[in-house]
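Coordinate inspection notes
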Amino acid sequence: MTQDEMKKAAGWAALEYVQPGSIVGVGTGSTVNHFIDALATKKDEIKGAVSSSEASTERLKELGIEIFDANEVSSLDVYVDGADEINATFDMIKGGGAALTREKIVAAISKSFICIVDNTKEVDVLGKFPLPVEVIPMARSYVARELVKLGGDPVYREGVVTDNGNIILDVHNMQITDAKALETQINAIVGVVTNGLFADRGADVLLIGAPDGVIKKSK
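Residues numbered from 1 in each chain as written. Predicted model: local features only at pLDDT ≥ 70, side-chain atom pairs only at ≥ 80, totals over all residues. Heavy atoms only, no water.

1. Quick look at the nonpolar core
Spelled out, the test is: By nonpolar core is meant a set of buried Ala, Val, Leu, Ile, Met, Phe, Trp, Tyr and Cys residues that side-chain atoms within 4.5 Å join together. For every residue, the accessible area obtained with a 1.4 Å probe (protein chains only) is divided by the maximum for its type, and the residue is called buried under 20%, exposed over 50%, and partly exposed between those limits. The helix and strand labels rest on DSSP assignments: H or I over at least four residues marks a helix, E over at least two residues marks a strand, and numbering proceeds from the N terminus. We call two residues in contact whenever any of their non-hydrogen atoms come within 4.5 Å of each other.
Ranked by size, the top nonpolar core spans 23 residues in total, and within it Val24, Val26, Phe35, Leu39 and Ile116 carry the most contacts. Broken down by secondary-structure element, the contributors of at least two residues to this core are α1 (3-13), β1 (23-26), α2 (30-39), β3 (76-81), β6 (110-118) and β12 (205-210). Broken down by element, the residue count for this core peaks at five residues, all from α2. Sequence-distant contacts of Val24, defined by excluding residues within four places in its chain, comprise Val18, Phe35, Leu39, Ile46, Gly48, Ala49, Val50 and Val78. Judged by nonpolar contacts, the second largest core, of 21 residues, contains Ile93, Leu131, Ile186 and Leu197.

Now the structure itself:
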């Protein structure tokens, strides 16, 4: 299978976790787009979706799936999203599409987080993919200096404004061996909205699109 075919296989495999009558948390990205296509086949069986980005919202609407605001729901049964990197303990780096803050919000209100990836996203140590950090614009230089103190090499993602009106710093050259500790440390920097480490709230189930089919792992 090609990489896109592996993404598609993982996206469609997540459909089995969608319960009739539920509101589904939907993430962002190329693998999630396949899940959205799959979800459209069940649109008459579900109430709708809470989306983590404007891009996913538009795609869901085009397919006739009702969108709910996160403030309208007390919890979600399931959240389906991808990852830029994921390790053996299901800690992730996310945010390549700059939707990390909204993704964290939807993950936080969900009872179960289903992560869908192709097999190129599995790593032993997080950090080869640059770690995105969403930052209030006026704090950009200060936050960058603080990230250098933590051993990273932050680079401003030019031309990108998040759905929340903020900017992204991508932190290169980090080998992340304690994802939970680093997630907390970066989030404590004044001016940081959040960072792309999903360790405090990692995935519960991992669906990996591989050449021979979908591999399912759970905690």
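2. Comments concerning the sheet that holds β3
This is how it is decided: What makes two strands pair is DSSP finding at least two bridges between them. Structural elements are reduced to axes, namely lines fitted to C-alpha atoms, with helices fitted over the stretch in contact, and the angle between N-to-C directions of any two is expressed from 0 to 180 degrees.
Spatially, the six strands line up as an open sheet ordered β2-β1-β3-β6-β12-β13, and their pairing is mixed. Two strands lie at the open edges of the sheet, namely β2 (48-51) and β13 (213-218), each paired on one side alone. Strand after strand, the sheet turns through a mean of 25 degrees between neighbouring axes, direction not considered. Looking at chain direction, β3 and β6 are connected through five bridges and run parallel. Counterpart to Tyr79 in the pairing with β6 is Phe113. Relative to the sheet, α1 contacts β6, β12 and β13, its axis offset from that of β6 by approximately 160 degrees.

3. A few points about the sheet that holds strand β8 (residues 153-156)
Overall, antiparallel pairing links the four strands, which are arranged β8-β9-β7-β10 in an open sheet. Of all strands in the sheet, those bounded by a partner on one side alone are β8 and β10 (192-195). Taken pair by pair, the neighbouring strands of this sheet meet at an average axis angle of 30 degrees, ignoring direction. Here strand β7 (residues 131-135) pairs with strand β9 (residues 167-172) via five bridges, running antiparallel. Residue pairing in the sheet places Pro132 in a bridge with Asp170 of β9. Against the sheet, helix α4 (residues 100-108) touches β7, β9 and β10, its axis set at about 70 degrees to β10.

4. Side note on the pairing of β3
Within β3, five of the six residues are buried, which leaves it mostly tucked inside the rest of the structure. Direction of pairing for β1 relative to β3: parallel, over a ladder of two bridges. Bridge assignment links Val26 to a residue of β3, and that residue is Val80.

5. Overview of the packing of α1 against α2
Put simply, the test is: Any angle between 65 and 115 degrees counts as roughly perpendicular, while under 35 counts as roughly parallel, over 145 as roughly antiparallel, and the rest as oblique. For any pair of crossing helices, the crossing counts as left-handed if the nearer helix is rotated counterclockwise from the farther one by less than a right angle, and right-handed if it is rotated clockwise. Classification used: nonpolar for Ala, Val, Leu, Ile, Met, Phe, Trp, Tyr, Cys and Pro, charged for Asp, Glu, Lys and Arg, polar for all others including Gly.
Their axes nearest at 8 Å, the elements α1 and α2 cross at an angle of 50 degrees. By the criterion of interaxial angle, the relationship of α1 to α2 is oblique. Helix-helix and strand crossings are classified by hand; for α1 and α2 the assignment is right-handed. Across the interface between the two elements, Asp4, Lys7, Lys8, Gly11 and Trp12 of α1 pack against Ser30, Thr31, His34, Phe35, Asp37 and Ala38 of α2. Of the residues contributing to the contact of α1 with α2, the split by class is three nonpolar, four polar and four charged.

Interpretation in functional terms is not warranted from these geometric data alone.
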